[in-house]
Every structure is written in structure tokens, then in C-alpha cells.
Amino acid sequence: YDIASCLVGSEMCIRDRHNEGAACGRISLQLDARELPVLADETLMHIALDNLLTNAIKYAPPHSPVRVRAGIRRGPADEPEVRIEVCDEGPGFMPQDLTHVFERFYRAAGVRRIPGIGLGLHMVHRIATVHGGGVVASNGPSEGAVLTLTLPLLAGADPVSYTHLRAHETRG
């Protein structure tokens, strides 16, 4: 399954759902590879990516950019993996929240006024885990949240054949 096409589809779905309102022109997508092959359930990947993008739009200031970058990188065990990074310019995470953001029903004190029930990032974590990957929450260098989803590269796929870099920018 090519998760690059899933990313493009999720970005378009988010724009459609928000009627070009909240997401209008905010999401920029950079694909650093022709394809991003993973062994994954398409429906679950759409749910995970939809949650990552929706959270970025929901918690960042209106009209601020949401940057998504995806490509093939070397993981901690020096194995190639597909890495998807979603960055926003919102308040980011408080240090005490970072260890809890993937817990079911967890809502940070500072965002409880924003609609939600605390299941989105929990679902992303479960979906990533079931596919042999992971997700990490951190803060950007100046401000904003950074969520990094990693998935194993499809077994037998040659990472070199997919990493002829191409930048694919989409804007709403």
C-alpha cells in the first residue's frame, strides 16, 4: 500500500470536510519519495492521518500553516522506515502532557475548552502499533506541536528505488 497516496487523499478530505474553511490553504504536503510502500490497512491509515491533520488544524491558530513531510528515513535500528511528520504552530505540548497524550481519553488542561474527547491521538498510537510502527509527540524548535508517525517500509522494498526525491507541494 502506498501511503503517499493516502496522505494526498487525507489532505483533500480534510479540505472538503472543512468546506475550505478552517483548512483552506493551511496544509502543505512535501513527499520526499515517489512512493511510500507499507504493509497497512488503508482504512486504518486514513483514520490515523485524518486524526493527525485534524488535530493540527484544531489546536493551531486560524490561518496558521500545517506542514506535513513524508519520506523514507533510517530508524533507530538503522532499518528503513516511512516517516510522516505533522507540524503546526499551535501552543504545542506542556512537558507534563508529553507522556500522556496517547492515553485514551486524555485531554491536557489547557485545551479542555476545545471540543474533543481524547481519543484521536490514542487511535493514532494504536494504529501505528498494530502496523509495527510508532508515533511520537514533541514540540517544534520555536513553538507548535510535532507528531511523527513511523511505519516499517514494506518488506522487500528497496529504499533506494523510492528515494529519488521529488517535492510534491499541495495547497488548498
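Residues numbered from 1 in each chain as written. Predicted model: local features only at pLDDT ≥ 70, side-chain atom pairs only at ≥ 80, totals over all residues. Heavy atoms only, no water.

**Things to note about the overall build of the chain**
Quick note on the threshold: Per the convention used, a helix needs a DSSP run of H or I reaching at least four residues, while a strand needs a run of E reaching at least two, with both numbered from the N terminus. The classification of residues rests on relative accessible area computed with a 1.4 Å probe and restricted to protein chains. Under 20% of the type maximum is buried, over 50% is exposed, and intermediate values are partly exposed. Two residues qualify as a contact provided that any one of their heavy atoms is within 4.5 Å of a heavy atom in the partner residue.
Across its full length, the chain carries four helices and five strands. Ordering the α and β elements of the chain from the N terminus gives α-β-α-β-β-α-β-β-α. Split into buried and exposed, the 172 residues of the chain put 46% on the buried side. By sequence separation, contacts in the chain at least 24 residues apart represent 69% of the contacts at least 6 residues apart.

**Some words on a nonpolar patch on the surface**
As a reminder of what qualifies: Within the patch definition used here, like charges are joined within 9 Å and nonpolar side chains (Val, Leu, Ile, Met, Phe, Trp, Tyr) within 5 Å, considering only residues with over 30% relative accessible area and no salt bridge. For the accessible areas, the method is Shrake-Rupley and the probe is 1.4 Å, while residue cover comes only from the protein chains on display. For salt bridges, the criterion is a side-chain nitrogen of Lys or Arg within 4 Å of an Asp or Glu carboxyl oxygen.
Together, L44, I47, M123 and V130 line one region of the surface with nonpolar side chains, adding up to about 310 Å² of accessible area. Elements that contribute at least two residues to the nonpolar patch include exactly α2 (42-59) and α3 (120-130).

**As for α2**
For an α-helix, the turn length of 3.6 residues means that residues three or four places apart are oriented alike. The cut-off we apply is this: Take the number of residues in a helix, subtract one, and multiply by 1.5 Å to get its expected span. Any pair of nitrogen or oxygen atoms within 3.5 Å is treated as a polar contact; in protein, a donor-acceptor pairing is required on top of that, and neighbouring residues in sequence qualify only through side-chain atoms on both sides.
The terminal C-alpha atoms of α2 lie 26 Å apart, and with 18 residues this matches the ideal 26 Å at 1.5 Å per residue to within 8%. All of the buried residues in α2 are M45, A48, L49, D50, N51, L52, L53, T54, N55, A56 and I57. Between the side-chain oxygen at the start of α2 and the backbone nitrogen of T43 there is a gap of 3.1 Å, and the oxygen is on D41.

**Topic: the pairing of strand β3 (residues 80-87)**
Convention followed: Note: two strands are recorded as paired if DSSP finds a minimum of 2 bridges between them.
By the bridge criterion, eight bridges tie strand β2 (residues 66-74) to β3 in an arrangement that is antiparallel. The residue bridging R73 from the neighbouring strand is E81, located in β3. The turn linking β2 back onto β3 is made up of five residues, and D78 within it adopts a positive phi angle of 65°. Two elements, β3 and strand β5 (residues 145-152), share seven bridges in a ladder whose sense is antiparallel. Bridge pairing in β5 links E85 to T148.

**What about the packing of α2 against α3?**
Basically, it comes down to this: Under this scheme, a helix contributes an axis fitted over its contacting stretch, all axes are lines through C-alpha atoms, and angles between N-to-C directions fall in the 0 to 180 degree range. What makes a crossing left-handed is the near helix being turned counterclockwise from the far one by less than a right angle; a clockwise turn instead makes it right-handed. For this classification, the nonpolar set comprises Ala, Val, Leu, Ile, Met, Phe, Trp, Tyr, Cys and Pro, the charged set comprises Asp, Glu, Lys and Arg, and every other residue, Gly included, is treated as polar.
For the pair α2 and α3, interaxial distance at closest approach is 9 Å and the crossing angle is 145°. For the element pair α2 and α3, the recorded crossing hand is left-handed. Between α2 and α3, the contacting residues are L44, M45, I47, A48, N51, L52 and N55 on the first element and G120, L121, M123, V124 and I127 on the second. Across the contact of α2 with α3, the residue classes tally to nine nonpolar, three polar and no charged.

**Digging into α3**
Buried residues of α3: G120, L121, H122, V124, I127 and A128, and no others. Turning to α3, the residues buried within the fold contact α2, β4 (134-139) and β5. Taken from the residues just after α3, G132 is the one with a positive phi, measuring 80°.

**Some details on the sheet that holds β4**
Here five strands make up an open sheet; going across it, the order is β1-β2-β3-β5-β4 and the pairing mixed. Of all strands in the sheet, those bounded by a partner on one side alone are β1 (27-31) and β4. Adjacent strand axes in the sheet meet at a mean angle of 20° when their direction is disregarded. Pairing analysis gives six bridges linking β4 to β5, with the strands arranged antiparallel. Bridging from a neighbouring strand, S138 pairs with V146 of β5.

These figures come from the coordinates and say nothing about function on their own.
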